[in-house]
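Fold and contact review
In case you want the letters, here they are:
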Amino acid sequence: MERITKRFPGVVANENVNLDLREGEVHTLLGENGAGKSTLMNILTGIYRADSGCIYIEGKSVNFRSPRDAIANGIGMVHQHFKLVSSHTVAENIILGIKGGIGRLNLKHVEEQTAHLSEQYDLKVDPKAHIWQLSIGEQQRVEILKTLFRGAKILILDEPTAVLTPQESQELFTTLRAMTEKGHSVVFISHKLDEVMEISTRITVLHGGRLVGETIPDETNKQELSKMMVGREVMFELDHKEHQPRDPVLVVQNLNVINDRGLPALKDVTLTVASGEI
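Residues numbered from 1 in each chain as written. Predicted model: local features only at pLDDT ≥ 70, side-chain atom pairs only at ≥ 80, totals over all residues. Heavy atoms only, no water.

1. A look at the pattern of salt bridges
Taken as a whole and assessed by the stated rule, the structure comprises 11 salt bridges. Notably, a salt bridge pairs Lys 124 with Asp 122, separated by 2.8 Å at the nearest N-O pair. When salt bridges with common partners are traced through the structure, they connect Asp 20, Arg 22, Glu 25, Arg 202 and Glu 214 into a single cluster. (Salt bridge = Lys/Arg side-chain N within 4 Å of Asp/Glu carboxyl O.)

If you want it as structure tokens, here you go:
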């Protein structure tokens, strides 16, 4: 992507931004909320059209008028808010939008292909399960499988760990490493510095819609990255004053909850929150 500029009324979301992505790497796009990360990737996936600038895929200039054009060029994006139909199965969601769709494609064959991709990339999910039966982490796997099923070689993940538990985040990182080993390239949008240092091959930082710089984990640290993100020094350690106990304002005792799938969501949870405390 060369000199990409995108304006909205009263806002310059991206200004002359350059970004290059290499085969087999996890390239992190780092920045605060509003830095222009998602806008830049929405341009790459055909959701928005840049006001100026050029996009090249393997050296060839491309002009995407819709997400369908991006998918045809091997680019897929998993958005922060999933785009799944909860009443449909995993396999049905994977083929939604494909020419022929649920009506014409052999669903059993799609289930077999999905199971194969699931095993190949360690994305454990039952192709016959309905979306409403799945955890958030499993739903994210379905979104990734959708892009792989359509032949994506470039995968864009927008704040993928925002909805995941730490264990699910580590499982996602295992999947991303498996993908890059097979020649896929990943754009990883984040503002979480610990995970950026862990998973990135290269890091590009945006601030206020502009490109601040590019680096690699071995040549930087969280302090430097945070300074690039916000344009000033950031304090990582806070001096907390000693807390004086106060009266409780919330008390939860032995709370048990069964979720929509009939499984335990909470088991004997006890919690007290006092006035004036975090």
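2. Considering the pairing of strand 11 (residues 248-258)
Of the strand pairs in this sheet, strand 11 and strand 12 (residues 264-274) are connected by seven bridges, and their pairing is antiparallel. Counted as the bridge partner of Val 257 is Leu 266 from strand 12. Hairpin geometry of strand 11 and strand 12 is characterised by an intervening segment of five residues between the two adjacent antiparallel strands and by a positive phi of about 80 degrees at Gly 262. (Pairing = 2+ DSSP bridges. Helix = DSSP H or I, 4+ residues; strand = E, 2+ residues; numbered from the N terminus.)

3. Looking at the environment of Ile 71
Tracing the backbone shows Ile 71 in helix 2 (residues 67-72). The exposure class assigned to Ile 71 is partly exposed, which follows from its relative accessible area of 34%. (Buried < 20%, exposed > 50% of the residue type's maximum accessible area, 1.4 Å probe, protein only.)

4. A short note on the packing of helix 6 (residues 136-149) against helix 7 (residues 166-181)
Between two packed helices, what matters for the description is the angle formed by their axes and the separation of those axes. Two numbers describe how helix 6 lies on helix 7: the axes approach to 11 Å, and their chain directions differ by 15 degrees. Overall, the two elements helix 6 and helix 7 adopt an arrangement that is roughly parallel. Classified by chirality, the crossing of helix 7 by helix 6 is right-handed. Here helix 6 contributes Gly 137, Gln 140, Arg 141, Ile 144 and Leu 148 to the contact with helix 7, which in turn contributes Glu 168, Glu 171, Leu 172 and Met 179. Per-class residue counts for the contact of helix 6 with helix 7 are four nonpolar, two polar and three charged. (Axes fitted to C-alpha atoms, helices over the stretch in contact; angles between N-to-C directions. Parallel < 35°, antiparallel > 145°, perpendicular 65-115°, else oblique. Left-handed = near helix turned anticlockwise from the far one by under 90°. Contact = heavy atoms within 4.5 Å. Nonpolar A, V, L, I, M, F, W, Y, C, P; charged D, E, K, R; others polar.)

5. Points about the nonpolar core
Ranked by internal contacts, the top residues of the largest apolar core, which has 29 residues, are Val 142, Ile 144, Leu 157 and Leu 176. Among the elements of the structure, helix 3 (90-95), helix 5 (107-120), helix 6, strand 7 (154-158), helix 7 and strand 8 (185-190) are those that each provide at least two residues to this core. Counting residues in each nonpolar core, the second largest holds 22 residues, with Leu 40, Ile 43, Met 77 and Ile 156 among its members. (Core = buried A, V, L, I, M, F, W, Y, C linked by side-chain atoms within 4.5 Å.)

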